[in-house]
Amino acid sequence: MTSAPPSLQVSGLAYAYPDGHQALFGVELTVARGERVALLGPNGAGKTTLVLHLNGILEAGAGSVTVAGLPVAKANLAEIRRRVGIVFQDPDDQLFMPTVREDVAFGPAAAGMRGAELAERVHRALDRVGMAEFADRPPHHLSFGQRRRVAVATVLAMEPEILVLDEPSSNLDPASRRELADILRSLDVTVLMVTHDLPYALELCPRSVVLSGGVIAADGGTQNLLCDQELMREHRLELPFGFDPRSVTAPV
Ligand SMILES: Nc1ncnc2c1ncn2[C@@H]1O[C@H](COP(=O)(O)OP(=O)(O)OP(=O)(O)O)[C@@H](O)[C@H]1O
Ligand SMILES: [Mg+2]
């Protein structure tokens, strides 16, 4: 078979923070090209720690991560960071330039893009998230939800192989939350989305994995997982009041 390598392959990934706290205990996860997968799990499960390994911000204590066949390792970091677009849990970790335009241009410019091509790339990314008219504003003058949208644009501008979002819907108003869902659905890209917003996972991701206590505790169809009351309880996952996952048509 000559099919493309998986967008993401995580094998036996273990990690302890420098203070000795071990957060990951042998994570196994494969995400095929074009899949949209939700990464669920309670506070402290290790979700953000896992995300920080996907572009080499943290270095595996044991095990490996590959992105489209390329190992995440020091020698490949520039290419890995072009392939893996991460929208961080806190947009303030991502936005640091004097204007929105410069923030969105930063990645493509670092990859060598210049002039009209760069301007067009930036405009397109900002337009997709409805923030084109904010291009000349300083990011720190924007609301949290607006900063989140700009953070998404900085990543879209890189046209990554895999888009990783850490709680993308938190602090978005309902219209922005739906607009972000529309954007994610329209992209022809692999998506790994960390979320506590279970209806959002069901709406966007046919498949979910549950990370709990630093290991993958479940991996399957999102609707099946959300209907498994024992699994949900065991991993502190709770549906919003009145939400019945069986009442929603699962995505294909
Ligand atoms: N810099 C750090 N030093 C030491 N321990 C850390 C550090 N960052 C996180 N941890 C610990 O590692 C574990 C996993 O944290 P992580 O942030 O990955 O959880 P999470 O699943 O993203 O949680 P949340 O849903 O609250 O965002 C937690 O027990 C946390 O206390
Ligand atoms: Mg987190």
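Everything numeric in this text was worked out from a predicted model, so none of it was measured.

(A) Quick look at the nonpolar core. In terms of nonpolar packing, the biggest core is built from 48 residues, with Val-104 and Leu-163 touching the most fellow members. The biggest single contributor to this core is helix H5 (residues 144-156), with 6 residues. Setting aside chain neighbours within four positions, we find Val-104 in contact with Val-122, Ala-125, Leu-126, Val-150, Ala-153, Thr-154 and Ala-157. Membership of the second largest hydrophobic core comes to 30 residues, among which are Leu-29, Val-67, Ile-86 and Leu-211.

(B) Quick look at the environment of Asp-92. Mapped onto the elements of the fold, Asp-92 is located in the loop between strand S6 (84-87) and helix H3 (100-110). Through-space distance from the C-alpha of Asp-92 to that of Val-152 is 12 Å; in sequence the pair is 60 residues apart.

(C) Representation of the coordination of the magnesium ion (ligand 2) in the model. Taken together, Thr-48 (OG1) and Gln-89 (OE1) make up the full set of protein donors to the magnesium ion (ligand 2), lying 2.0 to 2.6 Å away. Placement of the pair is Thr-48 in helix H1 (residues 47-54) and Gln-89 in the loop between S6 and H3, with a sequence separation of 41 residues. For Thr-48, a relative accessible area of 28% gives the class partly exposed. Judged by relative accessible area, which is 35%, Gln-89 ranks as partly exposed.

(D) Geometry of unusual backbone geometry. Here Glu-159, not a glycine, exhibits a phi torsion of approximately 45°, which is positive. Along the chain, the position of Glu-159 falls in the loop between H5 and strand S7 (162-166). Although it is not a glycine, Glu-167 adopts a positive phi angle of roughly 55°. Assignment of secondary structure puts Glu-167 in the loop between S7 and helix H6 (174-186).

Cut-offs and rules
Residues numbered from 1 in each chain as written. Chains lettered and ligands numbered in written order. Predicted model: local features only at pLDDT ≥ 70, side-chain atom pairs only at ≥ 80, totals over all residues. Heavy atoms only, no water. Core = buried A, V, L, I, M, F, W, Y, C linked by side-chain atoms within 4.5 Å. Buried < 20%, exposed > 50% of the residue type's maximum accessible area, 1.4 Å probe, protein only. Helix = DSSP H or I, 4+ residues; strand = E, 2+ residues; numbered from the N terminus. Contact = heavy atoms within 4.5 Å. Donors = N, O, S within 2.8 Å, 3.2 Å for Na, K, Ca; no water.

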